[in-house]
Amino acid sequence: MSASRLFYRIGFYIAVVLIVVISVFPFYYAVLTSFKTGTAIFEVDYWPKSFDLANYDKVLTQATFPRNLLNSLFVATSTVGLSLLLAVTASYALARVRFRGRGLLLITILAVSMFPQIAVLAGLFELVRYLGLFNTPFALIFSYTIFTLPFTVWLLTTFMRDLPLEIEEAAIVDGATPWVIITQVFMPLLWPALVTTGLLAFIGAWNEYLFALTFTSSETTRTVPVAIALLTGASDKEIPWGPIMAASVIVTVPLVVLVLIFQRKIVAGLTAGGVKG
Amino acid sequence: MARIELKNLRKSFGAFDVIKGIDLEIRSGEFMVFVGPSGCGKSTLLRLIAGLEDITSGDLLFDGDRVNNLVPSKRGIAMVFQSYALYPHMKVYDNMAFGLKLASAGEDEIRRRVTDAAKLLQIDHLLDRLPKQLSGGQRQRVAIGRAIVRDPRVFLFDEPLSNLDAALRVQTRLEIAKLHHSMNNVTMIYVTHDQVEAMTLADRICVLRDGRVEQVGTPAELYEKPNSIFVAGFIGSPKMNFLTGAFAEAYGCHTLGIRSEHIAVADEGAVWTGTVVHAEDLGSDNYLFVDIGAAEPVIVRQAGKLTIPYGTKIGLVPSPENLHRFDEKGVPAA
C-alpha cells in the first residue's frame, strides 16, 4: 500500500470516528446522566461511575408516564398504518393509472409538504376542534398523517414506477383486480420501500412535539415528548434532570430496536428473477 | 380453441395511429405468427387481442362474439411475455397457480392442473423454487406453464424467445411447436421480429408493416410468392437479392428479385459476371458475395464447402422460373 493511499485510509477513518462521536455523544451522555442521582448529575464525567436505577424507577412509577408511552405507541403505529394504506393505494394510481392532471396532482401533493407546521397550526387547531378530536389521540393521528402522506406517497410512487409493467399485466391476464395487484403482487415486492417509509413515518410521529403540545391538554392524552418537556421537579426552581434523562433513554430505545429489526428486512434486489435478469 | 376475427381494427395513442385498420381471420387451432420490423405495431396488435390495450375502433371477435370490452381474464386468453413477467416473490407453484386461485378453483383442481402442466414442461422438480433461482430457459418454461394452467382458448406469445441465447432459442422454439401439437392444436398467436422463428413455427404468417397487414399466408406462400418487395426482402435468410436499373430492365421490370439459392455459378450461359468480394463458409453451405456492378453484391448460395477463392471472376446463371419481378410501386409486375 502506497503512502498516499494509507494517508487517505487514515483520514477516512478519522472522519468516520468524528461523525460517529458527534452523533452518538449526546445520547451517550444522556444514558450516563440517567444513571446518576443527586449532585452527581452536575459533575462532568465521560465514563460511567455510578449505576443507579432510581431515575428510571421514578419515571416509570410516576402517574402518567407509562400511559404517555402507550399514547405515543398508539399514535405512531396508527399513523404508520393509516398513511401506508392511503399512500400505497394513492401511489398505485399515481404511478400506474393514466389520467389527466396526474403530474399536477403529484406536484400539489409535494407542495403540501412545503408548509411549516407552525403555519398551519392555527387552522389545523380549528379543524381538530370542529371535528371534535381535540384532546384525543385521533387529533394527533389525523395531523401526523397529513404531514407524513406527501413524503410517503412520493417515495412509494417512485418505487411503484420502477416495478416492471409486465408483472402487472401478467396479473391482469391472470384476472387480478387492482386491489389484488396491490396487495398480492406489488406489496410483497415493495417491502423494502414500505419498511423504509413506515419507519420514517413512525419516527416522525414518535418525535413530534408541536402538534402534540397543542392538540392535547390533559396529562393522560399526552405523548412522550410533551410529557418529558413538562416533567416537573419538587419545586418550580428544580429541573429534574435525572428523570428527564431516564425518560429520554426510554423513549429512544424503541426506535433503536425498530431500526435494528427492520434493517435486515431492507434488502435490495427483491424483484430479482421476476423479469429477465 | 377459438376462431378470432379482426374487423377494421384500429388503435391510436393520441394523434398517433399505430394500428391502421386491420382485417384478419385467425382460424381455430391455427398457429399464427405476426412478424414485422420493430415499430410495425405487431406487439400492439397482440395487446389489443389480449385486452391490455383499448381498441380505438373496429371489432374483435372470438368465436363470433364481440370481445372489445371484455377484460383480459374473461377472454380466455393466456399470455407469455418477453421478460417472462413471473411474480418474483412467489414460488414456481404459486406463480402457476395464481390465476386459478383468483378464479377460486378448488385446491385439488389447482394442484392437479399445475402438476400436469409442470410435467408437460418438465419443470415438476422446480415447483418449490423462486424465479430468481432459475435459469432463463427455466423461467421461460414457468411462464409458458402459467399460461397452460389457465387452459386458455388462445395462447398469446410476445417475443418469448428474444431473451434466450441462440442455442436455447432453437430448443425452446422446438418445444413451443411440440406444445402446439400436444395441446390439440390450440389457437396460438405469436409475435416475433425474427423471420426464422416465423417460418419455422407458423401455420400462417401475417407480415405487418407500419400498422397494416402486408401479406398473410403460409410460410411457403410468403417465401415463393411474396406480393411486395417488402415481404420478399423480409422473409428468407439471406435476404433476397434485388437488382434495379439495367439488370431489371433486361427482364422488363423495375426491380428484379432472386433468392440466393436460385443462382448457379457457371461460365457457360452466364447472365451476369462479377468478382467474389466476400464469402461465408457455413460448412454445409457457403455464401458468395459477388460484385456484378449493381448497388450491392449479389449473394449466391452453394451447397457444400467453399471452393472458390476471393477475387475470382465468375459467371452467374439465375434460374428463370424463380425470378421475382416488381414494378415501381414494389408490387409484382404483371
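Counting of residues starts from 1 at the beginning of each chain's written sequence and follows it residue by residue. Chain letters and ligand numbers both follow the written order, the letters beginning at A and the numbers at 1. Given that this is a predicted model, residues contribute local features only at a pLDDT of at least 70 and side-chain atom pairs are listed and counted only at 80 or more, while totals for whole chains, interfaces and linings are drawn from all residues. Based on all heavy atoms of the structure, the side-chain values leave hydrogens and waters out of the count.

Residue and element names in this part refer to chain B. Spatial strand order, E13-E17-E14-E15-E16: 5 strands in an open sheet with antiparallel pairing. Only two strands of the sheet have a single partner each, and these edge strands are strand E13 (263–265) and strand E16 (298–303). Going from strand to strand, the sheet's axes swing by 45 degrees on average, the running direction of each strand aside. Sheet topology places strand E15 (residues 285–291) next to E16; 6 bridges connect them, and they run antiparallel. Bridge pairing links Asn-286 to Gln-302 in E16. DSSP bridges decide pairing: two strands pair if at least two such bridges lie between them. By the criteria applied, helices consist of DSSP H or I runs no shorter than four residues and strands consist of E runs no shorter than two, each listed in order from the N terminus. Here, axes are lines fitted to C-alpha atoms. For helices the fit covers the stretch in contact, and angles between N-to-C directions go from 0 to 180 degrees.

Residues and elements named next belong to chain B. Domain ranges listed in this record stem from an automatic or a database domain assignment. Partitioning chain B into structural domains gives domain 1 (4–233) and domain 2 (238–326). Spacing between the C-alpha centres of domain 1 and domain 2 amounts to 38 Å. Every contact between the two is made by 8 residues of domain 1 and, on the other side, 8 residues of domain 2. Contact between domain 1 and domain 2 buries roughly 680 Å² in total, counting both sides, with carbon and sulfur atoms accounting for 63%. Residue contacts are counted whenever heavy atoms from the two residues lie within 4.5 Å of one another. Each of two parts loses accessible area, computed with a 1.4 Å probe, when they are put together; buried area is these two losses added.

Here the focus is a nonpolar patch on the surface. Judged by side-chain polarity, Val17(A), Val21(A), Phe25(A), Val44(A), Tyr46(A) and Trp47(A) come together as a nonpolar surface patch covering roughly 670 Å² of accessible area. Of note, Val17(A) is situated in helix H1 (residues 3–34). A patch consists of residues whose relative accessible area exceeds 30% and which take part in no salt bridge; residues with like charges are grouped when within 9 Å of each other, and nonpolar side chains (Val, Leu, Ile, Met, Phe, Trp, Tyr) when within 5 Å. Throughout, the Shrake-Rupley method with a 1.4 Å probe supplies accessible areas, and for residues the shown protein chains are the sole cover considered. We define a salt bridge as a contact between a side-chain nitrogen of Lys or Arg and a carboxyl oxygen of Asp or Glu at a distance within 4 Å.

To continue, consider the nonpolar core. Counting 96 residues, the largest nonpolar core has Leu6(B), Phe34(B), Leu45(B), Leu60(B), Leu156(B) and Ile189(B) as its most contacted members. Of all the elements, helix H3 (residues 65–96) of chain A adds the most residues to this core, at 11 residues. Here, the term nonpolar core denotes a set of buried Ala, Val, Leu, Ile, Met, Phe, Trp, Tyr and Cys residues that are joined through side-chain atoms within 4.5 Å. We call a residue buried when its accessible area falls under 20% of the maximum for its residue type, exposed when it is over 50%, and partly exposed in between, using a 1.4 Å probe and counting protein chains only. Listed in part, the 47 residues of the second largest apolar core include Val35(B), Ala143(B), Phe157(B) and Leu222(B).

Looking now at the domain arrangement of chain A. Interface size is commonly expressed as the accessible area that is lost once the parts come together. All names here are of chain A. Domain boundaries in chain A define domain 1 (3–52) and domain 2 (62–263). Listed by partner, the interface residues are 7 residues for domain 1 and 6 residues for domain 2. Interface area lost by domain 1 to domain 2 is led by Phe-27, Ala-30 and Ser-34, which between them contribute 60%. Applying the counting criterion to the domain 1 and domain 2 interface returns 0 salt bridges. For the side of domain 1 that touches domain 2, the class distribution of residues is 5 nonpolar, 2 polar and no charged. Just so you know the grouping, Ala, Val, Leu, Ile, Met, Phe, Trp, Tyr, Cys and Pro go in nonpolar, Asp, Glu, Lys and Arg go in charged, and all remaining residues, Gly too, go in polar.

The next thing to look at is the pattern of salt bridges. Residue and element names in this part refer to chain B. Enumeration over the complete set of coordinates arrives at 20 salt bridges over all chains. The shortest N-O distance in the salt bridge between Glu-30 and Arg-204 comes to 2.4 Å. In this pair, Glu-30 is assigned in the loop between strand E2 (16–26) and strand E3 (31–35) and Arg-204 in strand E9 (residues 204–209), connecting sequence segments 174 residues apart. By the burial criterion, Glu-30 is buried, and Arg-204 matches it. As a salt-bridge pair, Asp-94 and Lys-101 come within 3.1 Å of each other at their nearest N and O atoms. Through salt bridges that share partners, Glu-109, Arg-112, Arg-113 and Asp-116 make up one connected network.

Residues and elements named next belong to chain A. Direction vectors running N to C along H1 and helix H12 (residues 241–263) enclose 125 degrees, while the axes themselves pass 8 Å from each other. Viewed along their axes, H1 and H12 adopt a mutual orientation that is oblique. Crossing angle aside, the handedness with which H1 passes H12 is left-handed. Residue-level contacts link Phe-27, Ala-30, Val-31, Thr-33 and Ser-34 of H1 to Gly-242, Met-245, Ala-246, Val-249 and Thr-252 of H12. Its residues assigned to classes, the contact of H1 with H12 comprises 6 nonpolar, 4 polar and no charged. Angle categories are assigned with fixed cut-offs, so that under 35 degrees is roughly parallel, over 145 is roughly antiparallel, 65 to 115 is roughly perpendicular, and the rest are oblique. Crossing handedness follows the turn of the near helix against the far one: under a right angle anticlockwise gives a left-handed crossing, and clockwise gives a right-handed one.

Turning our eyes to something else, we now look at the environment of Gly233(B). Mapped onto the fold, Gly233(B) is located in helix H8 (residues 229–234). With residues near it in sequence (within four places) discarded, Gly233(B) still touches Lys239(B) and Phe242(B).

The next point concerns the packing of aromatic side chains. Any pair of aromatic rings gets described here by the distance separating the centres and the angle formed by the planes. All names here are of chain B. Geometry of aromatic contacts follows a simple scheme: Phe, Tyr and Trp rings, the Trp one being its six-membered ring, pair when their centres are within 6.5 Å, and the pair is stacked under 30 degrees between planes, edge-to-face over 60, tilted otherwise. Under the definition given, this model contains 20 aromatic pairs over all chains. Taking 4.8 Å as the distance between ring centres and 65 degrees as the angle between the ring planes, the aromatic pair formed by Tyr-87 and Phe-98 counts as edge-to-face. Remark: Phe-98 occurs in helix H2 (residues 92–102) and Tyr-87 occurs in the loop between strand E6 (77–80) and H2; sequence separation between them is 11 residues. What makes Tyr-87 buried here is its relative accessible area of 0%. Residue Phe-98 is classed as buried on the basis of its relative accessible area of 3%. Only lysine NZ and arginine CZ atoms are considered, and such an atom sits over a ring when it is within 6 Å of the ring centre and within 35 degrees of the ring normal. Over the ring of Tyr-87 we find Arg-146; its NZ or CZ atom is 4.8 Å from the centre of that ring. One Lys or Arg, Arg-259, reaches over the ring of Tyr-223 and ends 3.8 Å from the middle of that ring.

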